[in-house]
Structures are given as structure tokens and as C-alpha cells.
Amino acid sequence: MGKIIAVAGKGGVGKTTLCGLLIKYLCKTGKSPVLAVDADANSNLNEVLGVEIGQTMGEIREEIERAGTDAVSSLPAGVTKADYLQMRLMGAITEDDDFDLMVMGRTEGQGCYCFVNGLVQTQIQRLESRYPYIVVDNEAGMEHISRGLLPAMDIAILVSDCSRRGIQAAGRIAKLMNSLNLKPAQTGLVVNRVPDGRLDPGTREEIELQGLNLIGIIPQDDMVYRFDCDGKPIANLPWNSPVSAAFEKVMANLNL
């Protein structure tokens, strides 16, 4: 079974950027193929990785729901709507050289994302035996964790910025995982966008108060900003850049 690595934290702290770096690192170090899962309704992991996607899982579900029985009327006898949905979902996985990408997307209009969340969970369970690593970019906050989106997780990477609020949010997610008895083998905090790569004493104090295991500090780097402004995939940062070098230390701390 593949190892599931979940990346979580509050909004705007750079989870998706670090997910992209993680996926490229695993591929670079011979741990491919990797299944990348963008489990955020506001999907943009593909942009960080530099790949084009087709339909999202949410879009496929909506299309089939709108079509009703007409969607399967031309299929051979014995093929159910559920079978047809599964065929479409498998066809929606974007394949790259060393990784595949599955994107949750969103449903249209009002209503919750419970059904699409269920599709993501089911697909991960179906596919986890095919990949040595599955990297899941969770949506901001705690909702995916509380819903039990992941059947299990082997490594949890909690991402924060330098703010106490970000550290507190990471602490709440860690406590939630504990209360749900998820028990990943490794849980670590990465503090992102740190000026000069040095944490303020107040931030360190909050990390200790939350009982979090600090596994890495990623410095603020203008190259990330420039890549984003120029539309370049951030996961393609040079490996000698400050961000990439710091991220490799994170991977070493996780023994990846």
C-alpha cells in the first residue's frame, strides 16, 4: 500500500506550493510514480506543478447528474450509472512522466461538497496500492480532516506562516487528528515564508505551547514571488534556491 502524506494548515500559508515541491522531490529521488491529489475545491495544484488538467471530479459528477439516465443509455447492458461514473473518474486522472494528478474541484451552485469528498476518498482507496506515495493537498482549515476524507495517513505535514494564528491553527489540526485517532507515524510542522529564515522568539514560544514538532523553516524568497508573477510552475524552482535547499532539509527530517 502506498504511503499517504497529508498537507494541511490554515489558508494562505503556502500549502500548495510546498505540496508541489514535495511531489517534485519524491519524483527526483526515485520514489515515483506519485499520486498527487488536489483535495481543495479551489484547485490550483496543477498550476504549481505546471500541468494542464481536463475535467475535475466535481465537474464530472455534475455532468452525469444533469444528464440523468441519458448519460448511460448508450452503454452496454449491465453497466450501471455508478460504473459509468467510475470509468469517467479514472479517465480524468492527468498523467505526467513521474506523477499522476487527481483534482477534486467543486460542484455547482449551492450545497456542500460531501458527495465529491466521498468520491475523493473512494478513489484514494481504489488507487493507493498502485503508488508508493500519495500526496494530498487538503483545503484550508480542518473540514477535510474532520470529515475523514483520508482513510489513513502515514505522514502529516502541518504548514504555517510566522503568525501565532497560523501556529495555533496547526495546533488545532494536530489535536483534531489525535481526537480522531488518525495516528500518523510522523507529524511535523513547517513554518513557511520566514524573513531571513529566522523565527521570532514569540513564534517559537507558540510552537512549544502547541506541542508541535518543528521539522523545517522555509525562508521568504523573492524567486517564488517572481515565478508566480511570471506564470512559471513554482515546483520548478532551482534546487539550489533557498526555498528548495530548506525544503530538502525538511525531507531529511522526515527520512524521505
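Before reading further, recall that the structure is shown in the block above.
Nothing here was measured: the structure is a model prediction, and the numbers come from that model.

Caption draft 1: Layout of the overall build of the protein chain. The helix and strand tally for the protein chain stands at 10 helices and eight strands. When each of the 256 residues of the protein chain is scored for burial, the buried share is 51%. Partitioning the intrachain contacts of the protein chain with sequence separation of at least 6 by distance along the chain shows that 78% fall at a separation of at least 24. Here the protein chain has roughly 12,000 Å² of accessible surface; of this, 46% comes from carbon and sulfur atoms.

Caption draft 2: Representation of helix 8 (residues 201-209) within the structure. Here helix 8 has its buried residues at G202, T203, E206 and I207. Buried residues of helix 8 fall within an arc of 145 degrees about the axis and therefore sit on the same side. Projecting away from the buried face of helix 8 at angles above 90 degrees are the exposed residues P201 and E208. Lining the buried residues of helix 8 we find helix 7 (164-179), strand 7 (186-194) and strand 8 (214-219). A side-chain oxygen of the first residue of helix 8 lies 2.7 Å from the backbone nitrogen of G202; this N-cap is D200. Just downstream of helix 8 lies G211, where phi reads positive at about 65 degrees.

Caption draft 3: Expanded view of the pattern of salt bridges. Under the counting rule described, the total for this entry stands at five salt bridges. The shortest N-O distance in the salt bridge between D196 and R198 comes to 3.9 Å. Of the two residues, D196 and R198, both sit in the exposed class. Between D230 and R226 there is a salt bridge whose closest N-O contact spans 3.5 Å. Residue classification places D230 among the partly exposed residues on the basis of a relative accessible area of 46%. Among the residues examined, R226 registers a relative accessible area of 42% and is labelled partly exposed.

Caption draft 4: Looking closely at the sheet that holds strand 2 (residues 34-39). Here we have eight strands laid out as an open sheet, ordered 3-4-2-5-1-6-7-8, and mixed in their pairing. The sheet terminates laterally at strand 3 (94-95) and strand 8, the two strands that pair on one side only. The pairing of strand 3 with strand 4 (residues 99-103) spans two bridges and is antiparallel. Across the sheet, residue E95 finds its bridge partner in strand 4, namely D100.

Caption draft 5: Seen up close, unusual backbone geometry. For the bond from S32 to P33, the omega torsion is 0 degrees, close enough to zero to count as cis. Looking at the secondary structure, you find P33 in the loop between helix 1 (15-28) and strand 2. Unlike most non-glycine residues, R193 shows phi in positive territory, near 55 degrees.

Caption draft 6: Structural context of the packing of helix 1 against helix 10 (residues 242-253). Packing of helix 1 against helix 10 brings their axes to within 11 Å, and their N-to-C directions diverge by 70 degrees. Judged by the angle between their axes, helix 1 and helix 10 are roughly perpendicular. Across the interface between the two elements, L18, L21, L22, Y25 and K28 from helix 1 touch V243, S244, F247, E248 and M251 from helix 10. Class assignment of the residues belonging to the contact of helix 1 with helix 10 gives a composition of seven nonpolar, one polar and two charged.

Caption draft 7: Structural detail: helix 7. In this model helix 7 runs 22 Å from its N-terminal to its C-terminal C-alpha over 16 residues, within 8% of the 22 Å that 1.5 Å per residue would give. Where helix 7 is concerned, the buried positions are G166, I167, A169, A170, G171, I173, A174, L176 and M177. A positive phi of about 60 degrees marks N181, the residue just after helix 7.

Caption draft 8: Quick peek at the pairing of strand 7. Judged from the six bridges that link them, strand 6 (residues 155-160) and strand 7 form a sheet pairing that is parallel. Within the sheet, the bridge partner assigned to L158 lies in strand 7 and is L189. Taken together, strand 6, helix 7 and strand 7 form a β-α-β motif whose crossover is right-handed. Of the pairings in the sheet, the one linking strand 7 to strand 8 comprises four bridges and is parallel in character. Following the sheet pairing, V191 is matched in strand 8 by I217.

Cut-offs and rules
- Residues numbered from 1 in each chain as written.
- Predicted model: local features only at pLDDT ≥ 70, side-chain atom pairs only at ≥ 80, totals over all residues.
- Heavy atoms only, no water.
- Helix = DSSP H or I, 4+ residues; strand = E, 2+ residues; numbered from the N terminus.
- Buried < 20%, exposed > 50% of the residue type's maximum accessible area, 1.4 Å probe, protein only.
- Contact = heavy atoms within 4.5 Å.
- Areas by Shrake-Rupley, 256 points an atom, 1.4 Å probe, with all protein chains shown as cover.
- Arc of directions from axis to C-beta.
- Polar contact = N/O pair within 3.5 Å; in protein donor to acceptor, adjacent residues only side chain to side chain.
- Salt bridge = Lys/Arg side-chain N within 4 Å of Asp/Glu carboxyl O.
- Pairing = 2+ DSSP bridges.
- Axes fitted to C-alpha atoms, helices over the stretch in contact; angles between N-to-C directions.
- Parallel < 35°, antiparallel > 145°, perpendicular 65-115°, else oblique.
- Nonpolar A, V, L, I, M, F, W, Y, C, P; charged D, E, K, R; others polar.
- Expected span 1.5 Å × (residues − 1).
- Right-handed = clockwise from strand over helix to strand, strands pointing away.

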